[in-house]
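In case you want the letters, here they are:
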Amino acid sequence: MYKELRWLRRYSFLAVMLIAGLAASAQETDTTVTGVDVDLENIFKERIPKEYIVASVTVSGNKFFDNALLLSVANLNVGDRLTIPGSDKFSKTIKNLWSQNYFSNVAIYITRLEKPNKLHLDIEVQERPRLQNYFFEGIKKTEADELGEKTGLVPGRILTETGKRNAVDNIRNYYAEKGFSSVKIEVEERGLNEKNNTINVAFVIDKGSKVHVANIFIGGNEEINDLKVKKQMKGTKEMTRITLFPQRDTPILAEPEIESMKALTEDAGYMKPTVIKDAIEPYFRFKLFANSKFNEKKYKEDKEKIIDFYNAQGFRDSRIEKDTVYNNSSGNLNVEVKVSEGRQYYFGKFTFTGHTKYTDSILLTVMGISQGDIYNAETLNKRLGKIPSIDGSLDISSLYTDDGYLFFSANATETAVYNDTIDHEIRIFEGPQANIKNIRIAGNDKTKDYVIRRELRTLPGAKFSRSDLIRSQREIANLNYFDQEQIGINPIPNQADGTVDINYSVVEKSSDQLELSAGWGGGIGLTGTLGVTFNNFSLKNIFNKKAWDPLPAGDGQKLSIRFQSNGRAFRSYNFSFTEPWLGGKRRNSLTVSLYDSKFANAFDPLTGTYVREPNSYIRTTGISVGIGKQLRWPDDFFSLLIAVNYNRYNLKDYLFFEDFRNGTSNNLNVKFTLQRNSVDQPIFPRSGSNFMFSLALTPPWSLIGPDKIYNTPEERYKWIEYHKWRFTGETYVPIGRPHGAEKNKQLVLKLAAKYGFMGRYNEDLEVSPFERFQVGDAGLSNQFALLGFDVVAHRGYPVYQTSDPKINPDQQGASRYFTIFNKYTAELRYPLSTNPSSTIFALAFVEAANGWYSMKDYNPFKLRRSAGLGMRFFLPMFGLLGFDYGVGLDRITPGNGLRDATRFTFMLGFEPD
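The rules behind these values
Residues numbered from 1 in each chain as written. Predicted model: local features only at pLDDT ≥ 70, side-chain atom pairs only at ≥ 80, totals over all residues. Heavy atoms only, no water. Helix = DSSP H or I, 4+ residues; strand = E, 2+ residues; numbered from the N terminus. Buried < 20%, exposed > 50% of the residue type's maximum accessible area, 1.4 Å probe, protein only. Contact = heavy atoms within 4.5 Å. Salt bridge = Lys/Arg side-chain N within 4 Å of Asp/Glu carboxyl O. Patch = residues over 30% accessible without salt bridge, like charges linked within 9 Å, V, L, I, M, F, W, Y side chains within 5 Å. Areas by Shrake-Rupley, 256 points an atom, 1.4 Å probe, with all protein chains shown as cover. Lys, Arg positive; Asp, Glu negative; His and termini not counted. Charge placed at Lys NZ, Arg CZ, Asp CG, Glu CD. Axes fitted to C-alpha atoms, helices over the stretch in contact; angles between N-to-C directions. Parallel < 35°, antiparallel > 145°, perpendicular 65-115°, else oblique. Nonpolar A, V, L, I, M, F, W, Y, C, P; charged D, E, K, R; others polar.

Enquirer: How should I be thinking about the side chain of Asn666 in this particular structure?
Expert: Here Asn666 is to be found in strand 30 (residues 663–677). The exposure class of Asn666 is buried, given its relative accessible area of 9%. Once residues lying within four places of it in the same chain are set aside, the contact partners of Asn666 are Tyr646, Asn647, Arg648, Tyr717, Lys718, Trp719 and Ile720.

See below:
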């Protein structure tokens with residue numbers, strides 16, 4: 001930008017000054033000066049260059065910069081030797097200072113010539129002002145607030161022309177993304193404070209009118225219609241029109257207008273616009289502008305997507321022949337794209353070379369491409385394993401790497417192209433099978449190495465397997481001690497000895513949870529909750545003071561302690577401990593839990609209200625011991641859990657049961673749970689499934705020994721008997737490709753089905769009133785959990801007690817609970833944040849459920865239906881929080897609409913059952 005060095009000489013007060021400027025646009029100065037010192041004049045007229053020595057250097061004009069700093073940057077020092085004419089030292093000095101962007105002008109003056117050859121110099125600078133503040137005019141405050149973060153300007157820093165240009169570009173881009181492509185921006189400098197050398201900058205903005213894409217014309221497409229091509233343009237959409245037609249006798253466009261449009265596109269080499277000859281005059285036309293704004297960046301991406309789509313359809317020679325964007329008469333944009341489709345190609349014959357492990361037929365089956373299929377280079381690369389598959393399906397590379405062939409490679413080469421058919425040769429390099437040599441783990445600052453190593457499927461000395469790597473990553477993620485998005489696996493192959501080292505890297509996250517609340521109520525007393533859950537506890541270090549930080553951790557055990565009080569009305573104590581690897585060698589878990597709860601308020605089923613009677617309560621005490629074991633058959637995703645549970649229910653003047661208000665009931669049962677869990681991670685699963693079948697059995701007390709006759713409810717319920725069956729099936733299906741800045745934003749479809757049945761041994765007795773199914777509302781445990789009810793959520797409905805979907809009184813509880821239930825759920829989930837400190841995802845759901853009292857009344861198609869939206873927040877300290885807004889579709893009544901059919905529900909700590 002700066003190309004020449006201008007020397008200006010002027011004599012004033014016995015000083016001759018040398019002025020050097022680099023700007024091509026610098027001011028021209030008359031060098032004809034009277035009274036010039038003859039010796040200095042001769043410096044620049046000498047034909048023979050002469051050497052001079054810098055005797056002194058001073059700096060003038062600077063107000064805020066240190067002289068020593070400027071001299072250091074200038075790199076013009078006392079003692080430097082200069083040859084005049086011919087030296088470039090002065091130009092370099094000015095460039096050094098100018099490049100700092102701190103000065104608007106730089107000049108060098110020769111203040112004195114000390115004979116014979118000593119020069120005294122002065123560097124004069126003119127500092128640029130600093131930015132005091134900047135503001136916007138002509139726009140809304142909300143827009144100004146958003147733009148404040150985008151300009152790149154920082155008050156207090158030097159204001160440069162480059163900074164102003166960048167700010168203008170950022171503002172222009174901001175509005176271009178919003179559809180304002182003709183925005184005008186004026187930059188005004190105001191309020192120069194010469195004392196402080198500060199200035200304000202005003203951006204005067206005229207947005208103009210928002211520009212939408214009115215029409216998209218596609219030309220050159222003969223094989224693929226306009227609609228399919230436009231569908232690929234995700235970021236460039238036409239304005240949506242909704243037209244109502246009252247009659248069928250008048251064309252939408254007059255004939256002259258039709259001919260004008262044809263001429264416009266034909267002259268430009270594009271297709272003729274689609275005109276419906278028999279269309280009729282619209283009674284009403286509505287234009288919806290959503291998503292029709294024009295964005296240059298997205299438009300370029302859309303053109304690439306069009307070509308990708310054509311390539312996927314076998315048109316591998318397709319290209320954008322030409323395109324244009326122009327304003328139409330209404331001020332909006334028309335977009336015209338002309339494509340050259342080329343010929344559609346198909347896959348021909350496949351031949352394989354270099355393979356010894358698998359036969360041609362096996363490789364062809366795994367590849368899954370047949371002769372005659374539409375040619376698609378992306379599909380071919382996916383089936384060879386060069387591009388990761390979204391659905392995780394088997395490809396040729398996976399086939400080999402799962403069997404240790406880490407050095408495997410497969411490359412496709414076209415061997416013949418005839419007419420529309422392409423033959424390929426797949427050249428395979430199998431290489432040796434690799435064995436795992438070393439396993440290294442990094443990043444686990446709290447968790448012990450062995451806790452991670454015991455979860456790994458990759459073991460030193462074992463044959464390398466890609467599927468084992470994927471499984472190991474899943475197991476580490478399901479520990480829930482680490483950030484699932486930052487689990488790193490780095491295989492380092494060594495082809496010389498046929499081994500591979502595998503380096504795992506993790507990032508610890510907080511997995512412990514704290515629940516704390518307190519309050520005081522008149523007549524109630526102290527209320528509150530204190531609960532802690534340590535998910536990575538270390539029992540063996542509990543007596544090691546050095547390990548307390550704040551509690552001993554790192555051995556993968558789980559300890560939970562919780563106390564809850566609601567004054568005199570309710571109090572509860574809970575304790576549980578889980579050792580996931582009992583003995584340390586196999587995945588055999590041990591869980592022990594104790595609890596004791598007392599609820600003093602009573603629910604009157606006759607009035608549907610809670611009453612407070614002196615000394616009335618229900619107290620529940622229980623203990624559970626469970627042992628779990630990972631199974632190897634049918635596969636190692638299966639596990640079996642056997643638990644022995646004892647619960648005691650002590651009732652005193654408790655009004656919930658009509659015929660049983662005083663007495664003690666005992667529940668001794670054994671519960672068998674068979675589960676297959678293959679979800680990829682616990683917080684936001686993207687793939688996998690979870691199937692669980694459980695059976696809880698009590699001894700058939702009424703059938704043991706001689707015939708028993710129960711004269712009172714107290715005798716009948718002293719030992720509860722039942723058998724309870726549960727089934728849960730959940731599957732997670734990723735939809736589309738991951739995207740977003742984090743590259744892990746992806747829609748996930750969750751499908752779930754749940755069933756429950758509770759039966760009796762003795763046909764002469766009723767099914768136990770304990771341990772039934774409460775269906776409806778949010779699924780949070782309430783006081784009825786004291787009776788052992790399974791709480792089944794149904795969003796959009798209150799707790800209900802009838803099987804008729806049309807009867808849904810708005811109530812908080814019920815006096816009877818079901819012995820059979822069905823529930824079906826479909827959720828579409830999208831992650832808003834996958835940060836381990838705050839995982840957030842939104843969901844839309846449809847749900848159907850119902851309950852019955854006997855198999856005679858059971859009808860799996862008679863269900864209560866609902867739909868709605870929800871949010872989930874996972875905070876490590878508090879667990880999972882959920883909010884749902886559901887519409888009970890069977891609660892909608894004529895005249896009331898949705899007024900009485902909606903329900904807001906809240907969940908805490910777990911997904912609703």
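Enquirer: Looking at this model, I keep getting lost on the environment of Ala814. Mind explaining?
Expert: Take Ala814: it is sitting in the loop between strand 35 (790–792) and strand 36 (820–835). Between the C-alpha atom of Ala814 and that of Tyr800, which follows or precedes it by 14 residues, the distance is 6.5 Å.

Enquirer: Is there a simple way to think about the side chain of Lys303 in this case?
Expert: Inspection of the secondary structure assignment puts Lys303 in helix 8 (residues 296–312). Among all residues touching Lys303, those that are not within four sequence positions of it are Ile320 and Asp323.

Enquirer: Explanation requested: the pattern of salt bridges in the structure shown.
Expert: Side chains carrying opposite charge are able to pair once their charged atoms draw close together. According to the stated counting rule, one finds 46 salt bridges in the structure shown. Ionic pairing is found between Asp80 and Lys89, a salt bridge with its closest N-O pair at 3.8 Å. Residue Asp80 is classed as buried on the basis of its relative accessible area of 18%. Beyond isolated ion pairs, a larger network of salt bridges with shared partners links Glu455, Arg457, Arg471, Arg474, Glu475, Arg587 and Asp636.

Enquirer: What is the right way to look at a positive patch on the surface in this model?
Expert: A cluster of like positive charges, contributed by Lys210, Lys228, Lys231, Lys234, Lys293, Lys298 and Lys305, occupies part of the molecular surface. Residue assignment for the positive patch shows that the elements contributing at least two residues are helix 6 (226–231) and helix 8. Relative to the helices and strands, Lys210 resides in the loop between strand 9 (198–206) and strand 10 (213–219).

Enquirer: Got a minute to help me understand a nonpolar patch on the surface in this structure?
Expert: Where nonpolar side chains cluster on the molecular surface, the patch consists of Leu640, Ile642, Phe672, Leu674, Phe691, Phe693, Trp725 and Phe727 and spans about 630 Å² of accessible area. Every element with two or more residues in the nonpolar patch is listed here: strand 29 (638–652), strand 30, strand 31 (688–697) and strand 32 (723–739). Examined against the element boundaries, Phe672 turns out to sit in strand 30. On the basis of relative accessibility, which here comes to 33%, the residue Phe672 falls in the partly exposed class.

Enquirer: Please explain the packing of helix 2 (residues 67–74) against helix 3 (residues 89–98) as it appears in this structure.
Expert: How two helices sit against one another is set out by the angle between their axes and by the gap between those axes. Where helix 2 meets helix 3, the axes come as close as 8 Å, and the angle between the chain directions of the two elements is 120 degrees. As far as their axial angle goes, helix 3 and helix 2 are oblique. For the pair formed by helix 2 and helix 3, the contact residues are Leu70, Val73 and Ala74 on the first element and Thr93, Asn96 and Leu97 on the second. In terms of residue class, the contact of helix 2 with helix 3 is built from four nonpolar, two polar and no charged.

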